[in-house]
There are 2 protein chains.
Amino acid sequence: MSDDKIENPVSFSKLQELEDDFEDVEVELLRQQAKLTADLYTKRAQVIADIPNFWPLVLEQSPADLDEYIQPTDSAVLLNSLTDLSVERFELASGGDPRSIAIKLTFGPNEYFSDTTLEKKFWWRYAKDGWAGLVSEPVKINWKSKDKDLTQGLLDLVCQVRAAERQLPAGKKLDDDAEPKKSLLAQMEATGLGGVSFFAWFGFCGRNVSAEESKEAFKEEQAKRQKRKAGEEVDEDDDEDDDDDFDEYDTEIFPTADDVAVCIAEDVWPNAIKYFITAMEHDALSDMDFEESDEEMEEADGEEHTSKKRKA
Amino acid sequence: MSDDKIENPVSFSKLQELEDDFEDVEVELLRQQAKLTADLYTKRAQVIADIPNFWPLVLEQSPADLDEYIQPTDSAVLLNSLTDLSVERFELASGGDPRSIAIKLTFGPNEYFSDTTLEKKFWWRYAKDGWAGLVSEPVKINWKSKDKDLTQGLLDLVCQVRAAERQLPAGKKLDDDAEPKKSLLAQMEATGLGGVSFFAWFGFCGRNVSAEESKEAFKEEQAKRQKRKAGEEVDEDDDEDDDDDFDEYDTEIFPTADDVAVCIAEDVWPNAIKYFITAMEHDALSDMDFEESDEEMEEADGEEHTSKKRKA
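Residues numbered from 1 in each chain as written. Chains lettered and ligands numbered in written order. Predicted model: local features only at pLDDT ≥ 70, side-chain atom pairs only at ≥ 80, totals over all residues. Heavy atoms only, no water.

Undergrad: It is not clear to me how the pairing of strand β3 (residues 117-126) of chain A should be interpreted in this structure. Could you clarify?
TA: Regular strands have side chains that alternate between both faces of the sheet. All names here are of chain A. In this sheet, β3 lies alongside strand β2 (residues 101-107) in antiparallel orientation, the contact comprising six bridges. When the sheet's bridge partners are listed, Ala102 is paired in β3 with Lys121. From the end of β3 to the start of strand β4 (residues 132-136), which pair antiparallel, there are five residues, and Gly130 there has a positive phi angle of about 100°. (Pairing = 2+ DSSP bridges. Helix = DSSP H or I, 4+ residues; strand = E, 2+ residues; numbered from the N terminus.)

Given below as structure tokens:
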């Protein structure tokens, strides 16, 4: 978007300045939240340890933004073997960005893979073209056999492509007809991504922004902010890199994985007890005597919807 | 739900205790957020004042939780006449609950109603049965004529029912066949609530919990919390009031209005600049040369989805 879309370009620059200030507050609140909740999360982990199936039941009630990606088979795997889930804002301790998130799933024995923990990290990074967001690295899953691979080979191929591209000079990418990228693109084409397993989430990469590039981009961004605040004109580098941006997503087997990570960190994780209690209530409802009328069932649903807090 | 649904009743009491502690932190963070953002919202209001159609454009991009309630006619009214929107956590200044919300819409001249401002308040209240949530009072809209009434009489009837019930002894309600309740129920039956106007949102009441009852219920709740913390047994008064609860919703013409209010306060209001910028980008896209391929359009959409921040 260029400034001429706004009647008043001064307003646009002011809006951008305000957005930056709001973002600072948001980050500061994440820090405060982490400080105020740390002990509670430790206590919660202790209480949860005594409750069988806590996390599978929470995920069963999870918001649509996450639930829509959990296929029936995923659901069975999670229900039978997910024993723990944790979210850490892992850069916080070293004074880094609280928006960087590590999500760790712990599993008991299951027929699909041999891993006992799968951890996916998302780093908050800044790019030179003004973009900022979460980037990640693919996480390999050790499937017990080829036909137990819930992603039908997609995750392995993404890991291979990433490993191959790490050998190339910075910023270079594999050609579409170079292996293993060729196989990945063919497999993506063949399966489509509509009903892809939730476990493909571990394959997300996002934009290829290194820690160094991010640091420099952040500095440039801060310099621009200072200029805006001082009322100086800022050289807004426009969309010249759009084509590159697009290329970076062509091997993404779970393009919205960053949004899902944020949903887990900002909704599922803090509200886990609420979701768990809802799951218990649903169980209670489905145990209800069939003589109860439909109207009464609706009542129970309606009430739940408008209550912010369960009955004590 | 009764405790016997959980294998370990001790865990349940501990979970409830934790939920209460998490709630305290949430409320404290709302206070801090209000403190840290107050100046920014003042500045934003000044900048926005220079931008025509700021709020209508924001609402056009609003999240599905709100957007699904805005009918095409509502949308036209808002686009042509909404000049300002503001959210205030109005009990905060007096040390009250930061979850109480006032939402004020300001309008220019339009063919539907003569009001220049419509303000809807939601109070955070506690009920004696353990429920807590937002309650409200219906807000009358002065429609220019009967056929300009976007709610087809529903809002007027809700206002009349509420006024009539205020004359009754506390806790008493109108019989279903007493006017004006009879007409309201008939009109709700006749119109159905599927495609009801967004303006019916002003009719929401929620549970009939007075400020006094809320104060007492809060005290009782706090006493229970102390007991739980001390490891004492707590008398959990169970669902004996369920039938009453249900009755309280039978004249609700916009049953999810409290959720919509929270969506406006926690999403639309803080993220208004982001939504506005997205709206401007959509305008820019729809102005694009038709020679650009579909692929390029998808690119623009996809990129927007995964960027947390617009390009500077």
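Undergrad: I keep staring at the packing of helix α5 (residues 154-166) of chain A against helix α6 (residues 181-191) of chain A and nothing clicks. Help me out?
TA: Two numbers describe a pair of packed helices, the interaxial angle and the distance between the axes. All names here are of chain A. Two elements in contact, α5 and α6, have axes whose closest approach is 9 Å; the angle formed by their N-to-C orientations is 150°. With respect to their mutual orientation, α5 and α6 come out roughly antiparallel. Two packed elements cross with a definite hand, and for α5 against α6 that hand is left-handed. On α6, the residues that touch Leu154, Leu157, Val158 and Val161 of α5 are Lys181, Ser183, Leu184, Gln187, Met188 and Thr191. Looking at side-chain class alone, the contact of α5 with α6 contains six nonpolar, three polar and one charged residues. (Axes fitted to C-alpha atoms, helices over the stretch in contact; angles between N-to-C directions. Parallel < 35°, antiparallel > 145°, perpendicular 65-115°, else oblique. Left-handed = near helix turned anticlockwise from the far one by under 90°. Contact = heavy atoms within 4.5 Å. Nonpolar A, V, L, I, M, F, W, Y, C, P; charged D, E, K, R; others polar.)

Undergrad: I keep staring at the nonpolar core and nothing clicks. Help me out?
TA: Side chains that are nonpolar tend, in soluble globular proteins, to be buried together. Ranked by size, the top nonpolar core spans 147 residues in total, and within it Phe199 and Trp201 of chain A together with Phe199 and Trp201 of chain B carry the most contacts. Residue contacts for Phe199 of chain A: discarding those within four places in its chain leaves Asp74, Val77, Leu78, Phe107, Phe113, Leu118, Ile141, Trp143, Leu150, Thr151 and Leu155 of chain A. (Core = buried A, V, L, I, M, F, W, Y, C linked by side-chain atoms within 4.5 Å. Buried < 20%, exposed > 50% of the residue type's maximum accessible area, 1.4 Å probe, protein only.)

Undergrad: What is the right way to read the side chain of Arg89 of chain A from this model?
TA: With respect to the element layout, Arg89 of chain A can be found in the loop between β1 (82-88) and β2. In this structure the side chain of Arg89 of chain A is engaged in a polar contact, spanning 2.8 Å, whose partner is the backbone oxygen of Pro98 of chain A. (Polar contact = N/O pair within 3.5 Å; in protein donor to acceptor, adjacent residues only side chain to side chain.)

Undergrad: Looking at this model, I keep getting lost on the packing of aromatic side chains. Mind explaining?
TA: Two aromatic rings are characterised by how far apart their centres lie and by the angle between their planes. If you walk through the whole model with that rule in mind, you get 40 aromatic pairs over all chains. Between Phe122 of chain B and Phe204 of chain B the ring centres are 6.1 Å apart and the planes differ by 35°, which places this aromatic pair in the tilted class. In this pair, Phe122 of chain B sits in strand β3 (residues 117-126) while Phe204 of chain B sits in the loop between α6 (181-191) and α7 (211-229), placing the two residues 82 residues apart along the sequence. Overall, the relative accessible area of 0% leaves Phe122 of chain B in the buried class. Assessed through its relative accessible area of 1%, Phe204 of chain B is described here as buried. With a centroid separation of 6.3 Å and 20° between ring planes, the pair formed by Phe199 of chain B and Phe202 of chain B is classed as stacked. The buried category is assigned to Phe199 of chain B, whose relative accessible area is 0%. Judged by its relative accessible area of 0%, Phe202 of chain B is buried. Grouping aromatic residues by their ring pairs yields a cluster made of Tyr69, Phe107, Phe113, Phe122, Trp143, Phe198, Phe199, Trp201, Phe202, Phe204 and Phe254 of chain A. One cation-aromatic arrangement involves Lys121 of chain A over Phe90 of chain A; the distance from NZ or CZ to the ring centre is 4.6 Å. One residue, Lys148 of chain B, lies across the ring of Tyr112 of chain B, its end atom 5.4 Å from the ring centre. (Phe/Tyr/Trp six-rings, centres within 6.5 Å; stacked < 30°, edge-to-face > 60°. Lys NZ or Arg CZ within 6 Å of the ring centre and 35° of its normal.)

Undergrad: Got a minute to help me understand the sheet that holds β3 of chain B in this structure?
TA: Within a sheet, each strand pairs with its neighbour through backbone hydrogen bonds, oriented either parallel or antiparallel. Residue and element names in this part refer to chain B. Reading across the sheet, the four strands line up as β1-β2-β3-β4 and stay open at both edges, with antiparallel pairing between neighbours. This sheet does not close on itself; its edge strands, each paired only once, are β1 (82-88) and β4 (132-136). Recorded for the sheet is a direction-independent mean angle of 15° between the axes of neighbouring strands. The sheet contact formed by β3 and β4 spans five bridges and is antiparallel. Following the sheet pairing, Phe122 is matched in β4 by Ser136.

Undergrad: Quick question: what am I supposed to make of the pattern of salt bridges here?
TA: Any two side chains of opposite charge can pair, given that their charged atoms come close. Taken as a whole and assessed by the stated rule, the structure comprises 34 salt bridges over all chains. The shortest N-O distance in the salt bridge between Arg162 of chain B and Glu137 of chain B comes to 3.1 Å. You can see Arg162 of chain B sitting in helix α5 (residues 154-166) and its partner Glu137 of chain B sitting in the loop between β4 and α5, a full 25 residues away along the chain. Arg162 of chain B gets classed as buried once you look at its relative accessible area, which sits at 11%. Members of the salt-bridge network, linked through shared partners, are Asp20, Asp21, Asp24, Arg225, Arg228 and Lys229 of chain A. (Salt bridge = Lys/Arg side-chain N within 4 Å of Asp/Glu carboxyl O.)

Undergrad: Can you walk me through the environment of Phe54 of chain B in this structure?
TA: All names here are of chain B. Mapped onto the fold, Phe54 is located in helix α2 (residues 54-60). Classification of Phe54 by relative accessible area gives buried; the value is 2%. On a C-alpha basis, the gap between Phe54 and Asp84 in space is 8.2 Å, while along the polypeptide they are 30 residues apart.

Undergrad: Looking at this structure, I do not really get the environment of Tyr249 of chain A. What am I missing?
TA: By secondary structure assignment, the location of Tyr249 of chain A is in the loop between α8 (242-247) and α9 (257-268). Measuring from C-alpha to C-alpha, the distance between Tyr249 of chain A and Cys205 of chain A comes to 8.5 Å, with 44 residues separating the pair along the chain.

Undergrad: Mind showing me how you'd approach the sheet that holds β3 of chain A here?
TA: All names here are of chain A. Read from one edge of the open sheet, four strands run β1-β2-β3-β4, paired in antiparallel fashion. The outermost strands of the open sheet, each flanked by one partner alone, are β1 and β4. Across the sheet, the mean angle from the axis of one strand to that of its neighbour is 15°, orientation sign disregarded. Along the sheet, helix α4 (residues 72-81) contacts β1 and β2; its crossing angle with β1, the most-contacted strand, is approximately 95°.

Undergrad: What am I meant to see in unusual backbone geometry here?
TA: Residues and elements named next belong to chain A. Residue Pro180 is bonded to the preceding Glu179 through a cis peptide linkage, with omega at 0°. Inspection of the secondary structure puts Pro180 in the loop between α5 and α6. Although it is not a glycine, Asn53 adopts a positive phi angle of roughly 65°. Position of Asn53 among the secondary structure elements: in the loop between α1 (9-48) and α2 (54-60). Of note in this structure, Gln152 is not a glycine but carries a positive phi near 50°. Mapped onto the elements, Gln152 comes out in the loop between β4 and α5. When its relative accessible area of 52% is taken as the criterion, Gln152 is described as exposed.

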